[in-house]
Structure formats: structure tokens, C-alpha cells
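Here are the chains, one letter per residue:
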Amino acid sequence: MKVIGVVGLPASGKGEFSKIAASMGIPVIVMGDMIRNAVKDGGIDPTDTNLGAMANRLRAERGMDAIARLCVPEIQRQTGPLVLIDGIRGDAEVNLFQKAFSEFTLIRIDSSFRNRLCRVAARGRSDDFQTSKELRNRDERELGWGRGKALEQATVRVENNGTLEEFSVAVHELLNGIRSDP
């Protein structure tokens, strides 16, 4: 089985990348869902602050690869030839996935700060925010988890500063290429 990891700063396009993959029949494991499940199980409101605190707590208690370890059994349960992991936050997670899956590819999605701020303000998730300061704070929090190092480890890069259609075409081409590569 080939495993693809997607990394990018908040609102860079990881979710859209995953939607495109899912529309192509590729199973998607969302790392953020593991955190959302932990928040839900704890009876906590799913705000950005609470989700961030839970992610920090899990990493503090179980190590920087804690969320990735929660994903591995979900990935192993998949039966198809290709699985996508959405939402890698740090290099410890990348290292764990590289050890767990011999055919692991890390894809980096890049998008400008301005485009990311516009997207996050428009999408309406419970953990979203409206100001550039809040986005900078979230970037800093996630870079502190090793996301910068994870971004550097990516072997494939996708630019997402154009239209959704342009991004979709690029992602389809990339995923079809990975799927057809023996």
C-alpha cells in the first residue's frame, strides 16, 4: 500500500486536496479528526483554543507523534492500494509514517498568507477565526509542533494560489501519477 501525507499551513488547501482524493476513491485519514474525537469524548466545546489545547496535551503526554500513532491502525485497516493522510503537523509524525509505511510520500501544499486568511474566514468551521493575528498565532503554534521541519521534508510540492479549478487539475494529475507509478 502507498501512503501519502499532506502537510501545509492552516487553510493552505489540505482539506480540498483530501476532498479531491476522496472523489477519486482514495481513502482519507484526517489527523484532526483524532483530536476532534478526543475533544468530543472529553465533552469539551470544539473551539480552536480547546482543539489546540487537546493537541498539545496529547503530544505532551504521549510524545510529538501521538496523533500519528492514533492514525496508524486506521491506515492499516484500509484495503486499497493508496491512502491519504490529511493534516500532518510535525516532523515526528512524518518520521513515524516513514517508519510505519515503506511507500510513504509527503506532499507540501503552499499558499500565501492572504489567501489562507480569506479561506479560513469563509469556511465557517468551529475552530476558525477572522483576524490575521489569530492566523499568525495558529501558524506559530503549529510551527512549534515541528510543522516547519515537516514542510522541509516534503518531496512533492503543490502551489495553491490560483483558482480552485487550477488546484483541482494539479491534484488530479499528481494523484493519478502516484497511483499509476509502480
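The written sequence of each chain sets the order in which its residues are numbered from 1. Note on the predicted model: pLDDT of at least 70 is required for a residue's local features to be given, and 80 or more for side-chain atom pairs to be given and counted; whole-chain, interface and lining totals, by contrast, use all residues. Side-chain descriptors were evaluated using all non-hydrogen atoms of the structure, hydrogens and water having been removed beforehand.

Caption draft 1: Geometry of the sheet that holds strand β3 (residues 82–88). The rule for pairing is simple: two strands pair if DSSP sees at least two bridges between them. What counts as a helix is a DSSP run of H or I of at least four residues, what counts as a strand is a run of E of at least two, and both are numbered from the N terminus. Taking strand neighbours across the sheet as the criterion, the 5 strands line up as β2-β3-β1-β4-β5 in an open arrangement whose pairing is parallel. Across the chains shown, the open sheet's two edge strands, defined by having one partner strand only, are β2 (28–30) and β5 (156–159). Strand-to-strand twist of the sheet, defined as the mean angle between neighbouring strand axes without regard to direction, takes the value 25°. Two residues qualify as a contact provided that any one of their heavy atoms is within 4.5 Å of a heavy atom in the partner residue. Axis definition: a line fit to C-alpha positions, over the contact stretch in the case of helices; interaxial angles, taken between N-to-C directions, run 0 to 180 degrees. Docked against the sheet, helix α4 (residues 66–76) engages β1 (2–8), β2 and β3, running at close to 165° with respect to β2.

Caption draft 2: Fine view of the pattern of salt bridges. We count a salt bridge whenever a side-chain nitrogen from Lys or Arg sits within 4 Å of a carboxyl oxygen from Asp or Glu. For the structure shown, the criterion picks out 12 salt bridges. A salt bridge links Glu16 to Lys19; its shortest N-O distance comes to 3.3 Å. Note that Glu16 and Lys19 are positioned in helix α1 (residues 14–23) at a spacing of 3 residues, about one turn of the helix. Given a relative accessible area of 29%, Glu16 falls into the partly exposed group. Burial classes follow relative accessibility: with a 1.4 Å probe on protein chains only, a residue under 20% of its type's maximum area counts as buried, one over 50% as exposed, and anything between as partly exposed. The class of Lys19 is exposed, set by a relative accessible area of 54%. One network of salt bridges, with partners in common, ties together Arg108, Asp110, Arg157 and Glu159.

Caption draft 3: Here's a closer look at the nonpolar core. Throughout this description, the term nonpolar core refers to a set of buried Ala, Val, Leu, Ile, Met, Phe, Trp, Tyr and Cys residues connected via side-chain atoms within 4.5 Å. With 29 residues, the main nonpolar core has Met31, Ile75, Ile85, Ile88, Phe97 and Phe104 as its most contacted residues. Contributing elements (two or more residues each) for this core: β1, α2 (31–41), α3 (48–62), α4, β3, α5 (91–100), β4 (104–110) and α8 (147–153). For this core, the leading source of residues is α4, giving 6 residues. The contact partners of Met31, leaving out residues within four places of it in the chain, are Ile67, Ala68, Cys71, Ile85, Asp86, Gly87, Ile88, Glu93 and Phe97. Listed in part, the 17 residues of the second largest apolar core include Ile20, Ala21, Ile109 and Ile178.

Caption draft 4: Up close: α5. Of all the residues in α5, the buried ones are Glu93, Val94, Leu96 and Phe97. Down the axis of α5, the sector holding all buried residues measures 165°, keeping them to one side. Looking at the buried positions of α5, the neighbouring elements they touch are α2, α3, α4, β3, β4 and α8. It is the directions from the helix axis to the C-beta atoms that the arc portrays.

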